[in-house]
Amino acid sequence: VSHHIMSDATTSLVKVAPSRILVIGGGFAGRKLIRLLQACYTVMPMDITLVDAKSFFEFTPSALRCIVQPANARTCVIPQQVPAGSKTKCKLVTGTVVSVGINEAFEGEATLGDGRVIPFDAAVLAMGSNYAAPIKPDMT
C-alpha cells in the first residue's frame, strides 16, 4: 500500500512540477543549482536553460592571485559548459536577460538583449556579484 501511495504522490508531483527551468547566471550558484536539478531528473523530468552574459566560467577566488602571478589567469577562466552526469536536457545560452515577464498564455518569458525569447515555467536568478577592477572586470 505505501508503494502505491508513493507512486501516486510522485505522479502528482511530476504533473505540477515545472518542466522548463530557466537559470539566469552561470557562476557558482547557477552551476550548483543545475547539478541539484539534474539529481532530481528521475522524479521530475525537466529541460534546463542556463543564460549567462559570458561564454566562460570564472573561478573568482583565483582572481587576486592573477595580480601577483599573471600567468595564473589561464587557470581561472574556463569555457562555459553544461555540468555533466545527467540525462536532464540542459542548454547553454550566451546573452543578457533584459526583461522577465508573463505572456498572453500566462507562460513565463525571458527576453535577451538580442531579442531572443526563452519560455520557462520557473526561473531562478543566480547572477552573482560585481567587484571593482582589477579584481574582476565589468563584463556587462
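Residues numbered from 1 in each chain as written. Predicted model: local features only at pLDDT ≥ 70, side-chain atom pairs only at ≥ 80, totals over all residues. Heavy atoms only, no water.

**Q** Let's hear about the sheet that holds strand E9 (residues 122–125): which residues, and what values?
**A** Ordered in space as E5-E2-E1-E9, the 4 strands form an open sheet in which the pairing is parallel. With one partner strand each, in any of the chains shown, strand E5 (89–94) and E9 form the two edges of the open sheet. Between one strand axis and the next, the sheet turns through 20 degrees on average, direction left out of account. Packed onto the sheet, helix H2 (residues 28–39) meets strand E1 (20–24), strand E2 (47–52), E5 and E9 and runs at close to 160 degrees relative to E1. (Pairing = 2+ DSSP bridges. Helix = DSSP H or I, 4+ residues; strand = E, 2+ residues; numbered from the N terminus. Axes fitted to C-alpha atoms, helices over the stretch in contact; angles between N-to-C directions. Contact = heavy atoms within 4.5 Å.)

**Q** Describe the packing of aromatic side chains, and please don't skip the residues or the numbers.
**A** Summed over the entire model, instances satisfying the criterion amount to 1 aromatic pair. Between Phe-28 and Phe-57, the ring centres sit 5.2 Å apart and the planes meet at 80 degrees, which makes this aromatic pair edge-to-face. Here Phe-28, found in helix H2, pairs with Phe-57, found in strand E3 (residues 56–58); they are 29 residues apart in sequence, far enough to count as distant. We note Arg-31 situated over the ring of Phe-57; from NZ or CZ to the ring centre the distance is 5.2 Å. (Phe/Tyr/Trp six-rings, centres within 6.5 Å; stacked < 30°, edge-to-face > 60°. Lys NZ or Arg CZ within 6 Å of the ring centre and 35° of its normal.)

**Q** Kindly report on the environment of Asn-103, identifying the contributing residues and their values.
**A** Note on placement: Asn-103 falls in the loop between strand E6 (97–102) and strand E7 (108–112). Given a relative accessible area of 15%, Asn-103 falls into the buried group. Taking C-alpha positions, Asn-103 is 9.2 Å from Pro-119, a pair spaced 16 residues apart along the chain. (Buried < 20%, exposed > 50% of the residue type's maximum accessible area, 1.4 Å probe, protein only.)

**Q** How would you summarise the pattern of salt bridges if you had to cite specific residues and measurements?
**A** Under the definition given, this model contains 4 salt bridges. Residue Arg-20 pairs with Glu-107 through a salt bridge whose shortest N-O separation is 3.9 Å. Placement of Arg-20 in strand E1 and of Glu-107 in the loop between E6 and E7 is noted, with a sequence separation of 87 residues between them. For Glu-107, a relative accessible area of 33% gives the class partly exposed. (Salt bridge = Lys/Arg side-chain N within 4 Å of Asp/Glu carboxyl O.)

**Q** Before we move on, could you go through H2 and cite the residues and values that matter?
**A** Taking 1.5 Å as the rise per residue, H2 with 12 residues should run 16 Å; its terminal C-alpha atoms sit 17 Å apart, in good agreement. Taken together, the buried positions of H2 are occupied by Gly-30, Arg-31, Ile-34, Leu-37 and Gln-38. Buried residues of H2 fall within an arc of 120 degrees about the axis and therefore sit on the same side. (Expected span 1.5 Å × (residues − 1). Arc of directions from axis to C-beta.)

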